Amino acid sequence: MMKVAFLDRDGTINRDYPDDIWIRIQDPEILPGAIHGMKYLKEKGYEIIIVTNQYIIGEGIISIEQYHEFNRKLLALLIENDISILDVFYCPHARDEQCNCCKPRNGLIKQAIRKYPEINLKESFMCGDSLSDMKCAESVGLNFWGIGIGKQRISDLSDLCNLI
Ligand SMILES: [Mg+2]
Ligand SMILES: [Zn+2]
């Protein structure tokens, strides 16, 4: 069985911006504590899967190429720090498309389970900085740690070192 840390991307691993600012963002800015926290999770035997809403693709703010380029740079930065990410699942749909993968809906988690049936949800958890992350986690019974939100509130990923 595999235990997974399902991590939101923007505002959890790297800095987030207002939607219209993303058009000119080229390089990820890793948030304080993120490297330390993710290293700890890997040492504890968690695989890391990123689940990220990217409705700014579907709504025409960034191109799919821009998304992939940013993501490639982010994963490269993490690899430089010896942090390998098992996979990234993203929702590219506009918010009015009624897809099943835009968090708070849980399609991204379902996609991950379909691809990795050995995932043990009971041993896994999710961490994110928005209520949509929290609601997504709750809908599949995943323990949730909120960055600045929710009942299990942390200030950044390094706080998980004391909690998990
Ligand atoms: Mg976020
Ligand atoms: Zn979607």
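Residues numbered from 1 in each chain as written. Chains lettered and ligands numbered in written order. Predicted model: local features only at pLDDT ≥ 70, side-chain atom pairs only at ≥ 80, totals over all residues. Heavy atoms only, no water.

Before going further, it helps to examine the layout of surface pockets. If you roll a probe as big as a water molecule over the atoms, it shows you where there is empty space left. Here the largest pocket is characterised by a volume of approximately 240 Å³. In this structure, the largest pocket is lined by 16 residues; those nearest its centre are D8, D10, D16, N53 and Y55. Elements with a minimum of two residues in the lining of the largest pocket: β2 (47-53), α2 (55-58) and α5 (131-139). Residue composition of the lining of the largest pocket, by class: 4 nonpolar, 5 polar and 7 charged. (1 Å grid on protein atoms, 1.4 Å probe; cavity = no way out; pocket = protein on both sides within 12 Å on 5 of 7 lines; lining within 4 Å. Points joined across faces, edges and corners; volume = space filled by probe spheres on them. Helix = DSSP H or I, 4+ residues; strand = E, 2+ residues; numbered from the N terminus. Nonpolar A, V, L, I, M, F, W, Y, C, P; charged D, E, K, R; others polar.)

At the metal site, the zinc ion (ligand 2) is ligated by C91 (SG), H93 (ND1), C99 (SG) and C101 (SG), and these contacts range over 2.1 to 2.3 Å. Because the angles between the 4 donor atoms bound to the zinc ion (ligand 2) fall within 102 to 118°, the donor set is best described as tetrahedral. Mapped onto the sequence, the donors of the zinc ion (ligand 2) take the spacing C-x1-H-x5-C-x1-C. (Donors = N, O, S within 2.8 Å, 3.2 Å for Na, K, Ca; no water. Tetrahedral: all angles 85-135°; square planar, octahedral: opposite > 155°, others 65-115°.)

The next thing to look at is the coordination of the magnesium ion (ligand 1). Within the protein, the atoms that donate to the magnesium ion (ligand 1) are D8 (OD), D10 (O) and D129 (OD), at distances of 2.1 to 2.2 Å. Spacing between the donor residues of the magnesium ion (ligand 1) along their common chain follows D-x1-D-x118-D. A residue pair is termed long-range when its members are at least 10 positions apart, and D8 in the loop between β1 (4-7) and α1 (34-43) and D129 in the loop between β4 (125-128) and α5 qualify at 121 residues. Accessibility expressed as a relative area gives 5% for D8, which makes it buried. (Buried < 20%, exposed > 50% of the residue type's maximum accessible area, 1.4 Å probe, protein only.)

Attention shifts here to the side chain of D133. Among the secondary structure elements, D133 is positioned in helix α5. A residue is classified by how much of its surface remains accessible, and D133, at 1% relative accessible area, is buried. Contacts of D133, omitting those with residues within four sequence positions, involve D8, K103, M126, G128 and F144. (Contact = heavy atoms within 4.5 Å.)

With that settled, consider the side chain of D8. A polar side-chain atom of D8 sits 2.9 Å from a polar atom in the side chain of T12. In terms of polar contacts, D8 uses its side chain to reach the side chain of K103, at 3.0 Å. Excluding residues within four positions of it along the chain, D8 makes contact with I13, V51, K103, C127, G128, D129 and D133. (Polar contact = N/O pair within 3.5 Å; in protein donor to acceptor, adjacent residues only side chain to side chain.)

Moving on, we get to the sheet that holds β1. The 6 strands lie next to each other as β3-β2-β1-β4-β5-β6, forming an open sheet whose pairing is parallel. Each of the sheet's edge strands pairs with one partner strand only, and the pair in question is β3 (87-91) and β6 (153-154). As defined by bridge partners, β1 adjoins β2 across 4 bridges and the pair is classed as parallel. Bridge pairing links L7 to I50 in β2. Packed on one face of the sheet, helix α3 (residues 64-80) meets β2 and β3 and runs near 150° to β3. Against the sheet, helix α4 (residues 107-115) makes contact with β1, β2, β3 and β4, and its axis sits at roughly 145° relative to β3, the strand it touches most. (Pairing = 2+ DSSP bridges. Axes fitted to C-alpha atoms, helices over the stretch in contact; angles between N-to-C directions.)

Following the criterion strictly, the structure yields 1 cavity of 30 Å³ or more and no others. Volume-wise, the largest cavity comes out at about 60 Å³. Examining the composition of the lining of the largest cavity, we find that 3 residues originate from one element, α3, more than from any other. Of the residues contributing to the lining of the largest cavity, the split by class is 6 nonpolar, 2 polar and 1 charged.

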